[in-house]
Amino acid sequence: MMIFRFAAAAMLAATVSTCAAFSNNLLSSSRHVAIKKPSTSSLYMGPPIDPSAPATELFGEGSRKYRRTVYTHNEWVKHRSSDRFVNNISTLLYSGIYKNIGKEVLATTSVAAFVWVWNMLVGGYEDFSGVMHDPLISSKLATAVGLPLTIFTTLSPSLGLLLVFRTNTSYNRWDEARKFWGLNINHTRDLNRMATAWYGNDSSPGSLSAPKDTARAIDPKEREYLLGQVSLFTWAFVRSMKRHLSPPGEDEEDFIAELKSSRLTPEQADAIISATHRPNRALYDLSVAIEKLPMHFMRKNEINKNLSIFEDTLGGSERLLSSPVPLFYSRHTARFISVWLLFLPFALYSQFGDSWNHIMMIPATALISLFLFGIEELATQLEEPFTILPMQGFCDKIGANCNEIVGWAGQDKFELPEESMEQLGMRSKLDFEEANRSVTVDAKKANEASVIDVTKVESVIKERDTTQSSVSELVSGAGNMEQIILAIQSEKDDLASKLEEANEKLRAAEAAKEKLIGNVEAAIAEKDSIRTEMSKMESEQTAKLFELSAVIEQHNDRITALTSELDTLKSNHDYTMSQMENVKIERDTLQVRVDELLSGSTSAQEVLAALGAEKEALSAQLEDAISQLKAKDEEISGLAGKVESLLNDLSALKSEKVRGHVKDETQLELERPEIKMENDWKKTRPRKSLRKLVGRCLSFRFN
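Residues numbered from 1 in each chain as written. Predicted model: local features only at pLDDT ≥ 70, side-chain atom pairs only at ≥ 80, totals over all residues. Heavy atoms only, no water.

Draft legend 1. Summary view of the environment of N572. Checked against the element boundaries, N572 lands in helix α17 (residues 481–600). With 57 residues separating them in the primary sequence, N572 and L629 have C-alpha atoms 9.4 Å apart. (Helix = DSSP H or I, 4+ residues; strand = E, 2+ residues; numbered from the N terminus.)

What follows is the structure in C-alpha cells.
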C-alpha cells in the first residue's frame, strides 16, 4: 500500500512540473524554436525572421512594429485561403498575443493543478490499473474543495458583455485612426493637384477672360522650386505627424535623419526639428509655400481648405493618443475576468468526473484562460492604434504621390491652339451679341417707364384744370349760395331729429338693461336662499341620522346583553344536564347495590325501604330540575320574542331613515366621511350580532 501511495505522489508531482513547463514554453518558445515563415516581403506581419533576434522583439511592445501591414491583392488572396485555419492553428505557440498572457494562463493552470492534487490527497485517487486508494491525508479539517457551476454560468453573460464592449471600443478607436490617415492621403493629393493645375493663373475661378490677359511670364525653374516646396512641406507635415504619434525611442533618430537628408534646407529642417509642436510648424511652412504661388487668392483659399482638414485629423489623432478607454472600465474588466478564471477550476472539477481522476479539468482550464485572456489582450493592443498602423508606409506613399503630381506640366504656357482661339473668339462674339441684346431690352424698358411717367404727369395736369374750372363755376354761381345754405340747414335738422330718436332708443335700451340686471340679482338672491334651505335640510338630516345611529347603538347594546344572558342560561342548562347525568349514574349504582343486597342479605326489607326513600328523594330532585328547565325554556321563548320585536324596530327605523333622506346616500357618503363610516358599521355589525343571537336562541331551544 505504501508503494502505491509513493507512486501516486510522484505522479502528481510530475503532472505539476509538466504544467509549469508548458507555460514556460509559451513564455520562452522564441529562445528555443526558430520561427519559419514562408513570406519575407515588406508587407510581412509577424515577429522577425531572424532567430537570433532578442526575445523583446518577439512579443510585447517590441512586436508591435511587425503588425504594421498594408494589404495588396496577393495578401488578400492569402488572407482568403482555405488553408487559413490550419495555418493559424499551426502557429498557435508563436502568437504574440498568447505569449503576452503566458503568466496569466500559468496562474489559472496552477490553480487547476492545485485543486486536482488536493482533492486526490484528501478524497482518494485511482491508479493506472483502476484501483481506488484511500486518501493520503485523513483529517476532519482536510476536505475536498469545489464550487457550484451555477455561479459561473450566472456571471458568464455579464463577462461576455464586458469583453464585447471592450473589443468593440478598441476596434472603433483603431478604425477612427485609420480613417484620419486616409483623409491625410486623399487631401495631400488634392492639395498638390490644385497647386499644380492652377499655377500661374491669376484669374478668378469661373472667369471667361482669355488667360493671356491675366498671364504672367513663368520661369520653369521658379515653378519647379515653388511646387517642390509645396510637395516637400506636405510630406514634412505627415512625417512630423507620424513622429508626433510614435514613441520617441523608436522614431526620433529616423525622423531627424529623414528631414536632414531630404530637399529641405538645413534652416527649414532645423526649424521643424526644434519646434515644440512639429506638425504645426510643418503646416505653417506649407501655408507659406502655398501663399507664394502665383495664382488668384480665391484659388489659394480652396487649397488652404485642405490644411484645415489636416488640423482636424491631427487633433483627432491627439485625442485618441491622450484619452484611453476609461481606466476604471478597463481595470474592472481585467479584475472580473481574472477572478472568474482563477476560481473556475473549483467549479470544473466535478464536471470532469468521467476522466481519470478529473485530470481533463487542467487542460480545459488552460484553454479557456488562453482564449478569454486573449480577447482582453486583443482589446488592449487595439486601444492605442498608432504603433500598429503602418504610418511610415503612409508617409512614403504621400511623398511619392506629391512628387509625381507636381512634376506634371501644369499651365506653364497660356497659348491655346488655333481651334481653341477661334472657339474663344466665337464665344466672345456671342457674349458681345448677348450683352448688346440685353442692353437694348433694358433701354426699351427704360423708355416705356419714361412714357408711363409722362402719361401720369398729363393726367395730373388734367385734374388741375378740372379743379380750376370747378372753382370758376362756384365763383360765377355765388347767387345760389343762399339756397345751398338752406339745403344744408334742412339736412342738419333732419340729422338732429334722427339723433334724438337714436338717444331715445338708447335710453330705452338702458332701462331694459337695468331691469335685466334687477332680474339677475333677484335670481341670485333666490339661488342663495335655496342654497341656505338646502344646507339647513342637510344639517337636519344629518342630526336625524346621528339620532338613528344612537338608537341603533342602544339596540345593539341590548342585543349584546341578551346574548350574554343567553350564554349564561346555556351554561346553567349544561350544568343542570350534568347534574341529571350524575343522578342517573347514582340511581344505577343504587340499583346495583339493591340487587346485591337482595341476593346476599337477610334484611332485604329494610334495605328496600331505605332505597325506596332514597329513590323518592332523587325523583323529587329530578322533578325540580325538570321544572327549572321548563322555566328556563319559557324565559328563552320570551327572549326570542324580544329579539323578534327588536328586529321589527330596526326594520322600521331603517325605513324611516330611507324616507327621511334628501340627498342620495352615495352623495352624503362622499360629502361626509363620518356618515360613510357609520353606514359601513350599520351594514356589518348589527346584522351579524342579530344573526348570531337568533342562531343561538334557536339552537338552545332545539337542545
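The discussion continues.
Draft legend 2. Spotlight on helix α12 (residues 297–322). With 26 residues, α12 ought to run about 38 Å at 1.5 Å a step, and its terminal C-alpha atoms sit 37 Å apart, in line with that. Taken together, the buried positions of α12 are occupied by R299, K300, I303, N306, L307, F310, T313, L314, G316, S317 and L320. Structurally, α12 contributes buried residues whose contacts are with α6 (150–197), α8 (220–244) and α11 (278–291). (Expected span 1.5 Å × (residues − 1). Buried < 20%, exposed > 50% of the residue type's maximum accessible area, 1.4 Å probe, protein only. Contact = heavy atoms within 4.5 Å.)

Draft legend 3. Quick look at the packing of α6 against helix α13 (residues 327–348). Put simply, α6 and α13 touch, their axes get as near as 10 Å, and they point 145 degrees apart. In this structure, α6 crosses over α13, and the sense of that crossing is left-handed. Contact residues: α6 offers F152, L155, S156, S158, L159, L161, L162, L163, F165 and R166, while α13 offers Y329, S330, H332, T333, F336, I337, W340, F343, L344 and A347. Looking at side-chain class alone, the contact of α6 with α13 contains 14 nonpolar, five polar and one charged residues. (Axes fitted to C-alpha atoms, helices over the stretch in contact; angles between N-to-C directions. Left-handed = near helix turned anticlockwise from the far one by under 90°. Nonpolar A, V, L, I, M, F, W, Y, C, P; charged D, E, K, R; others polar.)

Draft legend 4. How the structure looks around the packing of α11 against α12. Interhelical geometry of α11 versus α12 gives an angle of 175 degrees and a closest axis separation of 10 Å. Here α11 lies roughly antiparallel to α12, going by the angle between them. Together, P279, N280, L283, L286, S287, I290 and E291 of α11 and K300, I303, N304, L307, F310, E311 and L314 of α12 make up the contact between the two elements. Per-class residue counts for the contact of α11 with α12 are eight nonpolar, three polar and three charged. (Parallel < 35°, antiparallel > 145°, perpendicular 65-115°, else oblique.)

Draft legend 5. Inspection of the nonpolar core at higher detail. Judged by nonpolar contacts, the single largest core of 46 residues is most densely connected at W181 and L286. Setting aside anything within four residues of it in sequence, one finds W181 in contact with V238, M241, K242, L245, F386, L389, M391, F394 and C395. By size, the runner-up hydrophobic cluster in this structure holds 32 residues, among which are L121, L341, L370 and L372. (Core = buried A, V, L, I, M, F, W, Y, C linked by side-chain atoms within 4.5 Å.)

Draft legend 6. A look at the packing of aromatic side chains. Summed over the entire model, instances satisfying the criterion amount to eight aromatic pairs. Ring centres of F152 and W340 lie 5.7 Å apart, and the angle between their planes is 75 degrees; on these two criteria the pair is classed as edge-to-face. Residue F152 is found in helix α6, and its partner W340 is found in helix α13; the two are separated by 188 residues along the sequence. Just as F152 is buried, W340 falls in that class too. Each ring, one from Y171 and one from W174, has its centre 5.9 Å from the other, and the planes form 25 degrees; the classification is stacked. Of this pair, Y171 and W174 both sit in helix α6, three residues apart, which is roughly one turn of that helix. With relative accessibility at 42%, the residue Y171 sits in the partly exposed group. Judged by its relative accessible area of 23%, W174 is partly exposed. In this arrangement the basic side chain of R299 is found over the ring face of W198, its NZ or CZ atom lying 5.3 Å from the centre. (Phe/Tyr/Trp six-rings, centres within 6.5 Å; stacked < 30°, edge-to-face > 60°. Lys NZ or Arg CZ within 6 Å of the ring centre and 35° of its normal.)

Draft legend 7. Fine view of the side chain of E252. You can see E252 is positioned in helix α9 (residues 248–261). Side-chain polar atoms of E252 contact the side chain of R278, separated by 3.0 Å. (Polar contact = N/O pair within 3.5 Å; in protein donor to acceptor, adjacent residues only side chain to side chain.)

Draft legend 8. Looking closely at unusual backbone geometry. A positive phi angle is found at N357, which is not glycine, with a value near 55 degrees. Positioned with a positive phi, H358 is a non-glycine residue whose angle comes to about 65 degrees. In this fold, H358 is placed in the loop between α13 and α14 (361–383). A relative accessible area of 18% means that H358 is categorised as buried.

Draft legend 9. Looking closely at the side chain of R166. Tracing the backbone shows R166 in helix α6. Owing to a relative accessible area of 3%, R166 belongs among the buried residues under this scheme. There is a polar contact of 3.4 Å between the side chain of R166 and the side chain of T380. Engagement of the side chain of R166 in a polar contact is seen with the side chain of E383, the distance being 3.1 Å. Beyond its immediate stretch of four places on either side in the chain, R166 contacts V325, Y329, S330, E376, A379, T380 and E383.

Draft legend 10. Molecular detail of a nonpolar patch on the surface. Nonpolar side chains collect at one region of the surface, where L147, I151, L155, V339, L342 and F343 lie side by side and expose about 460 Å² of accessible area between them. Contributions of two or more residues to the nonpolar patch are made by α6 and α13. Sort the elements by how many residues they give to the nonpolar patch and α13 lands first, with three residues. Here I151 is to be found in helix α6. I151 sits in the partly exposed class, given a relative accessible area of 40%. (Patch = residues over 30% accessible without salt bridge, like charges linked within 9 Å, V, L, I, M, F, W, Y side chains within 5 Å. Areas by Shrake-Rupley, 256 points an atom, 1.4 Å probe, with all protein chains shown as cover. Salt bridge = Lys/Arg side-chain N within 4 Å of Asp/Glu carboxyl O.)

Draft legend 11. Looking closely at the pattern of salt bridges. According to the stated counting rule, one finds eleven salt bridges in the structure shown. For the salt bridge of R239 with E258, the shortest nitrogen-to-oxygen distance reads 2.7 Å. Taken together, the residues R239 in helix α8 and E258 in helix α9 connect sequence positions 19 residues apart. Here R239 falls in the buried class, since its relative accessible area comes to 0%. Overall, E258 belongs to the partly exposed group, its relative accessible area being 21%.

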